[in-house]
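Descriptive analysis of the structure
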Amino acid sequence: MPSQPTTVQSPSFDFNHHSHRRFNPLTHSWVLCSPHRTQRPWQGKQEDDDLSKRPSYDPSCYLCPSNTRANGAHLQNPDYADTFVFENDFPAVQQNQPVLLHDNSQDENPLLQVESVRGQCHVICFSPQHDKTLADMTEPEIVPVIDAWISTYKAMQQQDHINHVQIFENKGAIMGCSNPHPHGQVWSTEDIPQETAVELENMAKYRQRYHRCMLCDYVKTETDADRKAKADGSADPLSPTATGMDETRTSSHTAGTGPLAGSDPTPPTTPTSTTFPSTKTVSAATTPDGSRIVCENASFICLVPFWATWPFETMVLSRAHLARLSDMNSTQKQDLANILRRITCRYDNLFRCSFPYSMGVHQAPTNGDASHQELSHLHLHFYPPLLRSATVKKFLVGFELLGQSQRDLTPEQAAKRLADCSETHYKSAVY
């Protein structure tokens, strides 16, 4: 098969106006970026804006302190003061279930495969207050949430049949959240789920090729891009006259670890299922200018990924190579609470609403594989659906279901809009 030609940028090509695609090295996939479609008129579905004020305590809520839970009067919540963790009353996976026996007397159909999955599911109420989301909480109030994540991970790590722990939060009815009381979940399973397995596979291919951690390199790549954007005034992809990012974005700035091979961020050739794509040597002008960093501190960086699918998708990455939440020291834990408060507050301020999202932690599996300590790099994904306003969301349909993911707003434009948002919540700001 002929090799793909080196990318050449036409003098008239503009990443802020012309369609292009971007490679996601974590999932070995591409996303189509169509920035010219931001002017498209919208007469489609509009969601409820979720601006209704909730009480701090709801006597009918199954998750509020001292209330009866959903599965019967025999279970009552304690009068908890910060976080509250309990086994999910309606778990997606169960610890005790019959063994699925396979008939080895005949060949199995390769098209019809099935495996049993055991596990445990937990619910973590972030706060006793029914109306207090992460965006409304202080950093000291968020630290117990992180402690609950760590303690649950460690407890599941001791279970022989548990090989993976997925921590996540679905915020908002638009994300399928069944109870408005702010909470997250932990699903612990004996299999390693698809998304984590794909990331680990591609991080392994990257390390085999470059002998370094993919996400350590990515932190350095984005830090370098941010420094360049500040130096040449390209930090604002929405305005050619801008000179820099929001000064509230950072409390400190620390470089990533190790150089990136060739310092070449060029999109690779079309990937195959067996090899990590090779990198072409091209001018840096063939990748979009501008910073994608939203906020940062000494331990963590929050950015809109170069390959983001969702309009205001972000990643939070540890600057140091940490395999799991439990590897953090006390300072890093405080810094994670700081980043979580700041990005969720910026989200709410973007459209002045309780901003919906699915958020999850990706860290090392618990199956005892020593290679995961080297491969895994602690990071969190935020996948928010809102596109233009509090009531207009992005739909993954049509071409995106049948072809590949697509976005309108460029990641650089999305990062600038989030970076420009205040870190004082709009409900408490004085105007």
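What you see is a predicted model, and the numbers here were worked out from it, not measured in a lab. (Residues numbered from 1 in each chain as written. Predicted model: local features only at pLDDT ≥ 70, side-chain atom pairs only at ≥ 80, totals over all residues. Heavy atoms only, no water.)

With respect to the packing of aromatic side chains
Our working rule: Side-chain rings of Phe, Tyr and Trp, where Trp is taken by its six-membered ring, are said to pair if the distance between their centres is within 6.5 Å; with planes under 30 degrees apart they count as stacked, over 60 as edge-to-face, and otherwise as tilted. The numbering of helices and of strands both runs from the N terminus, where a helix is a DSSP run of H or I of at least 4 residues and a strand a run of E of at least 2. Using a 1.4 Å probe on the protein chains alone, a residue whose accessible area is under 20% of its type maximum counts as buried, one over 50% counts as exposed, and one in between counts as partly exposed.
Using the criterion set out here, one finds 13 aromatic pairs in the structure. Relative to Trp307, the ring of Tyr218 lies with its centre 4.6 Å away and its plane at 35°, an arrangement referred to as tilted. Of this pair, Tyr218 sits in helix α3 (residues 214–232) while Trp307 sits in the loop between β8 (300–303) and β9 (314–318), and the two are 89 residues apart along the sequence. The pair Tyr218 / Trp307 is uniform in exposure class, with both members buried.

Structural notes on the sheet that holds strand β6 (residues 183–189)
Counted only if it meets this: When DSSP finds two or more bridges between two strands, those strands count as paired. Here, axes are lines fitted to C-alpha atoms. For helices the fit covers the stretch in contact, and angles between N-to-C directions go from 0 to 180 degrees. The contact definition used throughout considers only heavy atoms, calling two residues in contact when any of these lie within 4.5 Å.
Strand order in this open sheet of nine strands is β3-β4-β6-β5-β10-β11-β9-β8-β7, and the pairing throughout is antiparallel. Looking at the sheet topology across the chains shown, the edges are occupied by β3 (84–87) and β7 (293–296). Each strand of the sheet is rotated relative to its neighbour by a mean of 20°, with strand direction disregarded. Direction of pairing for strand β5 (residues 164–171) relative to β6: antiparallel, over a ladder of five bridges. Looking across to β6, one finds that Gln166 is bridged to Trp187. Strand contacts of helix α1 (residues 139–157): β3, β4 (119–125), β5, β6 and β10 (357–362), with the helix running at about 165° to β4, the strand carrying the most contacts. Those strands touched by helix α2 (residues 194–210) are β5, β10 and β11 (379–383), and its axis lies near 50° from that of β10.

Comments concerning the UniProt feature "binding site: Zn(2+)" (unreviewed entry) in the chain
Which entries qualify depends on this criterion: UniProt positions are given in the numbering used here, feature names are shortened, and annotations may be inferred rather than shown by experiment. N or O atoms closer than or at 3.5 Å make up a polar contact, with two conditions inside protein: a donor-capable atom paired with an acceptor-capable one, and, for residues adjacent in sequence, both atoms drawn from side chains.
Under the local residue numbering, the UniProt record ascribes the feature "binding site: Zn(2+)" (unreviewed entry) to Cys61, Cys64, His130 and His181. Sequence-wise these annotated residues cover 121 residues; spatially they are packed, their C-alpha atoms never more than 8.2 Å apart. Mapped onto the elements of the fold, Cys64 is located in the loop between β2 (29–33) and β3. On the basis of relative accessibility, which here comes to 0%, the residue Cys64 falls in the buried class. In this structure, Cys64 is in contact with Tyr57, Asp58, Asn77, Tyr80, His130 and His181, ignoring residues within four places of it in sequence. Looking at where His181 falls in the secondary structure, it is placed in the loop between β5 and β6. Note on His181: relative accessible area 0%, which makes it buried. Excluding residues that lie within four positions of it along the chain, His181 makes contacts with Cys61, Leu63, Cys64, Tyr80, Cys125, Ser127, Pro128, Gln129 and His130. For His181, the side chain forms a polar contact with the side chain of Tyr80, separated by 3.4 Å.

Brief notes about the packing of α2 against α3
Which entries qualify depends on this criterion: Any angle that is under 35 degrees is reported as roughly parallel, and any over 145 degrees as roughly antiparallel; angles of 65 to 115 degrees are reported as roughly perpendicular and all others as oblique. Charged means Asp, Glu, Lys or Arg here, nonpolar means Ala, Val, Leu, Ile, Met, Phe, Trp, Tyr, Cys or Pro, and polar covers whatever is left, Gly included.
Look at α2 against α3: their axes get within 9 Å of each other, and the N-to-C directions meet at 80°. As summarised for this structure, α2 and α3 are arranged roughly perpendicular, according to the angle between their axes. Between α2, through Asn202, Met203 and Tyr206, and α3, the contact on the second element is made entirely by Met214, Leu215 and Asp217. Tallied by class, residues from the contact of α2 with α3 come to four nonpolar, one polar and one charged.

A few points about the pattern of salt bridges
Note that side chains of opposite charge can pair when their charged atoms are close. Formally: Every case where a carboxyl oxygen of Asp or Glu lies within 4 Å of a side-chain nitrogen of Lys or Arg is listed as a salt bridge.
A full pass over the atoms with the stated rule returns 25 salt bridges. Here Lys132 makes a salt bridge to Glu141, at a shortest N to O gap of 2.8 Å. In this structure, Asp327 and Arg324 form a salt bridge, with 3.4 Å as the shortest nitrogen-oxygen distance. One network of salt bridges, with partners in common, ties together Glu139, Arg341, Arg342, Arg346 and Glu423.

Regarding the side chain of Ser318
By the element assignment, Ser318 lies in strand β9. The class of Ser318 is buried, set by a relative accessible area of 1%. Within the structure, Ser318 has its side chain in polar contact with the backbone oxygen of Ala320 (distance 2.7 Å). Excluding residues that lie within four positions of it along the chain, Ser318 makes contacts with Val219, Ser299, Phe300, His377 and Leu378.

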